[in-house]
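Reading the structure
This is what each chain is made of:
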Amino acid sequence: MPKRNTKELILQEALRLFSDHGYDGVSVREISGAVGIRESALYRHFKNKQDIFDTIIKRIEGQYAIVAQEFHIPDGDLSQVAGAYIKNGLNPLKEMTKSMFLFWLKSEEASKFRRMLTIEQFKSTKAGETFHSFFFRLPLDFQTQLFGEMVKRKYFKELDPKILALNFYSPIFLLINQYDNHPELEAEALQLLEKHIDQFEQLYRTPH
């Protein structure tokens, strides 16, 4: 029988409890009870509840970074990336977006993490910064720069790149929330996502 990893179990149970009840709604005693250990045993692995919370954030940040490497982003600087998208249409961006979308939709741990951050974003500065970075700053900054370059190259109409990024990303964020915790509807969610990206290109691409 394989030896159980107590530290791993603490993180899993803490994330489950935090995603259901929020950080303040969960005690160390409840976490240790869910794992099946004494409270004193938990402190052999973590200093306190905040240490557990911070470790969970670092853990998902690491997982997200690994997945991000598989998002099929073309190599090179922004000009080269934009050139690749202009050559191939938005298919590379579609594949990248689908990978990101499925990470939040299919990974039970990532889904719980997102719900935890949603609850804690107004209570914890760290949680708020992490939530904003994952779901707003990183995707919107990348898309604004990318679309700005594609506007310069006349692939997209002469519109504000920030507004283009908002129009592109807002429905994606909505779909993540709508289909979260419904893995049985993955095919339906992906179909809507692909239709959104196709229609976005039709609406904003410069006529040829």
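Notes on the structure follow. (Residues numbered from 1 in each chain as written. Predicted model: local features only at pLDDT ≥ 70, side-chain atom pairs only at ≥ 80, totals over all residues. Heavy atoms only, no water.)

When the charged atoms of two side chains lie near each other, side chains of opposite charge can form a pair. In total, this model carries 13 salt bridges according to the counting rule given. Across the salt bridge formed by Glu108 and Lys112, the nearest N and O atoms sit 3.2 Å from each other. One end of the pair, Glu108, and the other, Lys112, are both in helix H7 (residues 108-120), four residues apart, so they sit about a helical turn from each other. Among the residues examined, Glu108 registers a relative accessible area of 56% and is labelled exposed. (Salt bridge = Lys/Arg side-chain N within 4 Å of Asp/Glu carboxyl O. Helix = DSSP H or I, 4+ residues; strand = E, 2+ residues; numbered from the N terminus. Buried < 20%, exposed > 50% of the residue type's maximum accessible area, 1.4 Å probe, protein only.)

Locating Lys94 in the fold gives a position in helix H6 (residues 91-106). Judged by relative accessible area, Lys94 falls into the buried class, the value being 10%. There is a polar contact of 2.7 Å between the side chain of Lys94 and the side chain of Asp198. If we ignore the near neighbours within four places in the chain, the residues touching Lys94 are Glu194, Ile197 and Asp198. (Polar contact = N/O pair within 3.5 Å; in protein donor to acceptor, adjacent residues only side chain to side chain. Contact = heavy atoms within 4.5 Å.)

Our focus in this paragraph is the packing of H6 against H7. Where H6 contacts H7, the two axes come as close as 5 Å, and the packing angle between them is 85 degrees. Judged by the inter-axis angle, H6 sits roughly perpendicular to H7. Only Glu108, Ala110, Ser111, Phe113 and Arg114 of H7 make contact with H6, whose side of the interface consists of Phe103, Trp104 and Lys106. (Axes fitted to C-alpha atoms, helices over the stretch in contact; angles between N-to-C directions. Parallel < 35°, antiparallel > 145°, perpendicular 65-115°, else oblique.)

The phi torsion of most residues other than glycine is negative, and most of the peptide bonds are trans. Positioned with a positive phi, Lys154 is a non-glycine residue whose angle comes to about 70 degrees. Considering the arrangement of structural elements, one finds Lys154 in the loop between helix H8 (125-152) and helix H9 (161-179).

Once that is clear, we can look at the environment of Lys112. Classification of Lys112 as buried rests on a relative accessible area of 16%. Separated by 94 residues in sequence, Lys112 and Phe18 place their C-alpha atoms 8.3 Å apart. In this structure Lys112 touches Leu15, Arg16 and Ser19, once residues within four positions along its chain are discounted.

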